[in-house]
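The primary structure of each chain is shown beneath.
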Amino acid sequence: MANSNLQTVVFSKPIGEVFEAFAEAIIRAGMNYPIKNETAHQLTSAKPFLVEFLGEKIFISMKETSDGGTSVQVKSDSAFPFTLYDMGKNKQNVDNLIMHAKAILK
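Notes on the structure in this doc start here. Because the structure is a prediction, the values reported are computed rather than measured. (Residues numbered from 1 in each chain as written. Predicted model: local features only at pLDDT ≥ 70, side-chain atom pairs only at ≥ 80, totals over all residues. Heavy atoms only, no water.)

Some thoughts on the nonpolar core
Okay, step 1: In this structure, Phe22, Leu43, Ile60, Met62, Val72, Val74 and Leu97 are the most contacted members of the largest nonpolar core, which totals 23 residues.
Okay, step 2: At the level of secondary structure, the elements contributing two or more residues to this core comprise strand 1 (4-11), helix 1 (15-28), strand 4 (56-64), strand 5 (70-78) and helix 2 (89-105).
Okay, step 3: It is helix 1 that provides the largest number of residues to this core, a total of 8 residues.
Okay, step 4: Beyond its immediate sequence surroundings of up to four residues, methionine 62 is in contact with Ile15, Val18, Phe19, Phe22, Ala40, His41, Leu43, Thr70, Ser71 and Val72. (Core = buried A, V, L, I, M, F, W, Y, C linked by side-chain atoms within 4.5 Å. Buried < 20%, exposed > 50% of the residue type's maximum accessible area, 1.4 Å probe, protein only. Helix = DSSP H or I, 4+ residues; strand = E, 2+ residues; numbered from the N terminus. Contact = heavy atoms within 4.5 Å.)

See the structure below:
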């Protein structure tokens, strides 16, 4: 089974603003241009294949919280399904995206 990392973070901003921030964060993080599903509040992307890594797939989903904020789940999966150890790349991808989104939303 492929390695993955999943984190959830909550922002006190409206879902539309957070959605656009994560779309921009994907680009700033050097990932492939995001595929947007605005109706479902989902973004997908990929980290390009490198010699030392087989690439990663990125999934972001959002939902509005009861107080008008936004809960975001960010998941990074190894692109190759039989990856046994990803050397922390998936966690690094998720942390990097969240860092960029927070900077954009300030």
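Let's talk about the environment of threonine 65
Okay, step 1: Following the sequence through the fold, threonine 65 ends up in the loop between strand 4 and strand 5.
Okay, step 2: The contact partners of threonine 65, leaving out residues within four places of it in the chain, are Val10, Thr70 and Ser71.
Okay, step 3: Within the structure, the side chain of threonine 65 is placed 2.9 Å from the backbone nitrogen of glycine 69, a separation counted as a polar contact. (Polar contact = N/O pair within 3.5 Å; in protein donor to acceptor, adjacent residues only side chain to side chain.)

Digging into the sheet that holds strand 5
Think of a sheet as strands paired side by side through backbone hydrogen bonds, with each pair either parallel or antiparallel.
Okay, step 1: Within the open sheet, the 5 strands sit side by side as 1-5-4-3-2. Their pairing is antiparallel. The sheet is open, and its two borders are formed by strand 1 and strand 2 (35-37), each paired with just one other strand. When strand polarity is set aside, the average angle formed by the axes of neighbouring strands in this sheet is 15 degrees.
Okay, step 2: Lying over the sheet, helix 2 contacts strand 1, strand 3 (42-47), strand 4 and strand 5, oriented at roughly 20 degrees with respect to strand 1. (Pairing = 2+ DSSP bridges. Axes fitted to C-alpha atoms, helices over the stretch in contact; angles between N-to-C directions.)

Comments concerning the pattern of salt bridges
Okay, step 1: Under the counting rule described, the total for this entry stands at 5 salt bridges.
Okay, step 2: Its salt-bridge partner being glutamate 24, residue arginine 28 comes within 3.2 Å of it at the nearest N-O pair. Here arginine 28 and its partner glutamate 24 are both found in helix 1, 4 residues apart, which amounts to about one turn of the helix.
Okay, step 3: Judged by relative accessible area, which is 47%, arginine 28 ranks as partly exposed.
Okay, step 4: Here lysine 75 makes a salt bridge to aspartate 77, at a shortest N to O gap of 3.8 Å.
Okay, step 5: By relative accessible area, which is 15% here, aspartate 77 ends up buried. (Salt bridge = Lys/Arg side-chain N within 4 Å of Asp/Glu carboxyl O.)

So, unusual backbone geometry
Okay, step 1: The phi dihedral of histidine 41 falls on the positive side, at around 55 degrees, and the residue is not glycine.
Okay, step 2: Residue position: histidine 41 is located in the loop between strand 2 and strand 3.
Okay, step 3: The partly exposed category is assigned to histidine 41, whose relative accessible area is 27%.

What to know about the packing of aromatic side chains
Okay, step 1: Taken as a whole and judged by the stated rule, the model has 1 aromatic pair.
Okay, step 2: A centroid spacing of 5.8 Å and a plane angle of 75 degrees characterise the contact between phenylalanine 11 and phenylalanine 22, whose relative ring orientation is edge-to-face. Placement of the pair is phenylalanine 11 in strand 1 and phenylalanine 22 in helix 1, with a sequence separation of 11 residues. (Phe/Tyr/Trp six-rings, centres within 6.5 Å; stacked < 30°, edge-to-face > 60°.)

Re the environment of methionine 31
Okay, step 1: Among the structural elements, methionine 31 can be located in the loop between helix 1 and strand 2.
Okay, step 2: As for methionine 31 and glutamate 56, which are separated by 25 residues in sequence, their C-alpha atoms are 9.4 Å apart.

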